[in-house]
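A look at the structure
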Amino acid sequence: YGIFDCHAHLHEDNFPPGSVNSLEIILDNARKANIQTIVSVSESLLDAPKVLKLAAQSNGLILAGVGLHPVQTYRKHDEQIERSVTLDDFEKFLPYVRKYINDKLICCVGEVGLDFSPHIVRNKDMPEEHYRDVQKQVFRRQIELAIKADLPLNVHSRSAGHYAIEELQKGGVKKAVLHAFDGKASHALKGVETGYYFSVPPSIIRSPQKQKLVSSLPLSHLLLETDSPALGPTKGDDNQPANAIISAQEIARIKGIDVSEVVR
């Protein structure tokens with residue numbers, strides 16, 4: 001069986017031409033590592049066209065997902081600033097995601113979800129609850145789009161695991177992947193009951209929380225991901241789809257089964 005990486009961020013900004021980790025090199029590495037398919041998801045209006053373009057040129061290796069991430073970034077004096085998504089961001093994004101869905105160019109709606117990390121939702125300008133509420137509104141709108149198009153959701157839930165699962169359940173979502181879930185295993189199990197999947201990045205080898213999650217969830221609801229270029233096996237180093245085998249190996253170790261069974 002080939003390996004399926006269900007969550008990555010592949011485009012030229014993350015893997016620039018001429019670098020030691022250029023797209024050409026990491027895609028060659030992926031093929032050599034028996035990576036059969038990579039789902040590459042967008043985060044904003046800026047990277048969505050780049051994700052789609054690469055997927056269209058990949059001869060089926062890459063499938064595209066399009067969604068608006070709960071955290072948006074902008075540059076200020078050569079510094080990259082992170083902020084919580086706004087309704088204005090979504091209104092600007094909406095025509096594009098509708099086009100991609102209607103033209104059947106995408107395999108999922110993502111990366112979407114919630115991010116209640118303190119540095120994202122705590123701001124002197126507005127109360128924390130304001131940012132949480134706006135994120136939920138943007139998430140709900142994208143849930144509605146996915147359900148209408150009968151597409152699965154590829155979900156971010158940092159510091160908001162049980163809130164994200166709750167929103168999915170309230171919205172009647174049947175098909176969802178919660179990537180790199182950092183919440184409690186008990187919350188994840190409630191998601192499993194609804195039929196949701198949980199994908200595991202290579203950073204599991206240095207994360208007791210991820211190891212506990214894998215030990216608690218049934219193999220039938222675990223998937224492989226890399227979140228390339230983030231969440232690699234070594235903190236601070238760029239990740240790539242070829243490393244999905246590391247996730248599979250660690251799941252196999254925890255479950256006491258052969259790695260081929262995990263990949264299957």
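Quick summary incoming for the structure in this document. (Residues numbered from 1 in each chain as written. Predicted model: local features only at pLDDT ≥ 70, side-chain atom pairs only at ≥ 80, totals over all residues. Heavy atoms only, no water.)

Let's shift gears to the packing of helix α8 (residues 208–216) against helix α9 (residues 244–255). Running from N to C, α8 and α9 point in directions that differ by 60 degrees, and their axes come no closer than 9 Å. As judged from the angle between their axes, α8 and α9 are oblique. Crossing handedness for the pair α8 and α9: right-handed. Residue-level inspection shows Gln-211, Val-214 and Ser-215 of α8 in contact with α9, the latter providing Glu-250, Ile-251, Arg-253, Ile-254 and Lys-255. Looking at side-chain class alone, the contact of α8 with α9 contains 3 nonpolar, 2 polar and 3 charged residues. (Axes fitted to C-alpha atoms, helices over the stretch in contact; angles between N-to-C directions. Helix = DSSP H or I, 4+ residues; strand = E, 2+ residues; numbered from the N terminus. Parallel < 35°, antiparallel > 145°, perpendicular 65-115°, else oblique. Left-handed = near helix turned anticlockwise from the far one by under 90°. Contact = heavy atoms within 4.5 Å. Nonpolar A, V, L, I, M, F, W, Y, C, P; charged D, E, K, R; others polar.)

Time to look at the pairing of strand β9 (residues 197–200). Pairing between strand β8 (residues 176–179) and β9: 3 bridges, direction parallel. By the bridge assignment, His-179 is partnered in β9 with Ser-199. For the segment spanning β8, helix α7 (residues 185–194) and β9, crossover handedness is right-handed. Pairing analysis gives 3 bridges linking β9 to strand β10 (residues 222–224), with the strands arranged parallel. Note on β10: the bridge partner recorded for Ser-199 is Leu-223. In terms of handedness, the path from β9 via α8 over to β10 forms a crossover that is right-handed. (Pairing = 2+ DSSP bridges. Right-handed = clockwise from strand over helix to strand, strands pointing away.)

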